[in-house]
Every structure is written in C-alpha cells, then in structure tokens.
Amino acid sequence: NHACLTFEVARRRGIPLAGYVLNELSERDGTEEQLRLLETNRTLLREVATGYDVRELGSIPFIPDITRATSLEAAAASVGFADTVRRLIESFPG
C-alpha cells in the first residue's frame, strides 16, 4: 500500500523514480512460510511497479540491532549491508 501510494503521488507530481528498494522487516527464520511470504510480496510489488514504469533496484536484508549501531560502519558490518548498498548505487544509470 505504501509503495503504491508513493508511486501514484510521484506520478501525479511529475517526480521521476529511479526505482525502489525492498527491505526486510524481520530476521529470516528459514521457514517455507516466511520465504513464500517474502517472494509473494516481491512479486506483487513488481506487478504494481510495472504499471508505474518503476523497477526494483535491489533489496536490503534485515539488520539486527541497527537501532543500537553507533555508526554506519557498525551497521555495514552486519549481513553484507555495504555490499548491498554498493550494488544498488552501481545499478543507477549514469
């Protein structure tokens, strides 16, 4: 819902979107149910985004204890965060 509203407002205001980034809100527990829900969410968002000509740029995994991180370096040390952000930045055109 939030993504749809954001896409719609951007379109109405003439704001070009480079794309969107998915972020996981909880730690993966490895269950089939959780993986199915994550993939369903990704699929539905891709379908909606296609209607707005917006593409997925990537995803950022859940980062435990990010609220207690004292610096970006501390957060980056968790779950390959720095690599994910680097790939996202490199995916931008130009």
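Values in this document were obtained by computation on a predicted structure and should not be read as measured data. Sequence order as written defines residue numbering, which begins from 1 separately in each chain. Local features in a predicted model are, by the rule used here, given only for residues with pLDDT of at least 70; side-chain atom pairs are given and counted only at 80 or more, and totals for whole chains, interfaces and linings are based on all residues. Think of the side-chain values as coming from all heavy atoms in the structure, minus any hydrogens and water.

### So, the environment of tyrosine 52
Helix numbers and strand numbers start at the N terminus; a helix is a DSSP run of H or I with at least 4 residues, a strand a run of E with at least 2. Of note, tyrosine 52 is situated in the loop between helix H2 (32-51) and strand S2 (56-60). With 48 residues separating them along the chain, tyrosine 52 and cysteine 4 place their C-alpha atoms 9.0 Å apart. Any two residues whose heavy atoms approach within 4.5 Å are treated as being in contact. Excluding its chain neighbours within four sequence positions, the residues that come into contact with tyrosine 52 are Cys4, Phe7, Glu8 and Arg11.

### A closer look at helix H1 (residues 2-13)
Any helix carries an expected span of 1.5 Å times its number of residues minus one. Its 12 residues give H1 an end-to-end C-alpha distance of 16 Å, which sits within 8% of 16 Å, the value for a rise of 1.5 Å per residue. Residue glycine 14 follows H1 closely and has a positive phi angle near 70 degrees.

### Quick look at the side chain of arginine 42
Following the sequence through the fold, arginine 42 ends up in helix H2. By the criterion applied in these results, polar contacts are pairs of N or O atoms within 3.5 Å in which, for protein atoms, one can donate a hydrogen and the other can accept it, and in which residues neighboring in sequence qualify only through two side-chain atoms. There is a polar contact of 3.4 Å between the side chain of arginine 42 and the side chain of serine 59.

### A closer look at the packing of aromatic side chains
By convention, a stacked pair of Phe, Tyr or Trp rings (six-membered ring in the case of Trp) has centres within 6.5 Å and planes under 30 degrees apart, an edge-to-face pair has planes over 60 apart, and any other such pair is tilted. This structure, assessed with the given rule, holds two aromatic pairs. Seen from their ring centres, phenylalanine 7 and tyrosine 20 are 5.9 Å apart, and the 50 degrees between their planes marks the pair as tilted. Of this pair, phenylalanine 7 sits in helix H1 while tyrosine 20 sits in strand S1 (residues 20-23), and the two are 13 residues apart along the sequence. Side by side, phenylalanine 7 and tyrosine 20 carry an identical accessibility label, which is buried. Here the aromatic rings of phenylalanine 7 and tyrosine 52 are separated by 5.6 Å at their centres, their planes lie at 50 degrees, and the arrangement is tilted. With phenylalanine 7 in helix H1 and tyrosine 52 in the loop between H2 and S2, this pair connects stretches of sequence that are 45 residues apart. Ring pairs connect the aromatic residues Phe7, Tyr20 and Tyr52, which therefore count as one cluster. Only protein chains enter the accessibility calculation, which uses a 1.4 Å probe. A residue is then buried if its area is under 20% of the maximum for its type, exposed if over 50%, and partly exposed in between.

### As for unusual backbone geometry
The residue aspartate 53 is not glycine, and still its phi comes out positive at about 55 degrees. By the element assignment, aspartate 53 lies in the loop between H2 and S2. By relative accessible area, aspartate 53 is classed as exposed at 72%.

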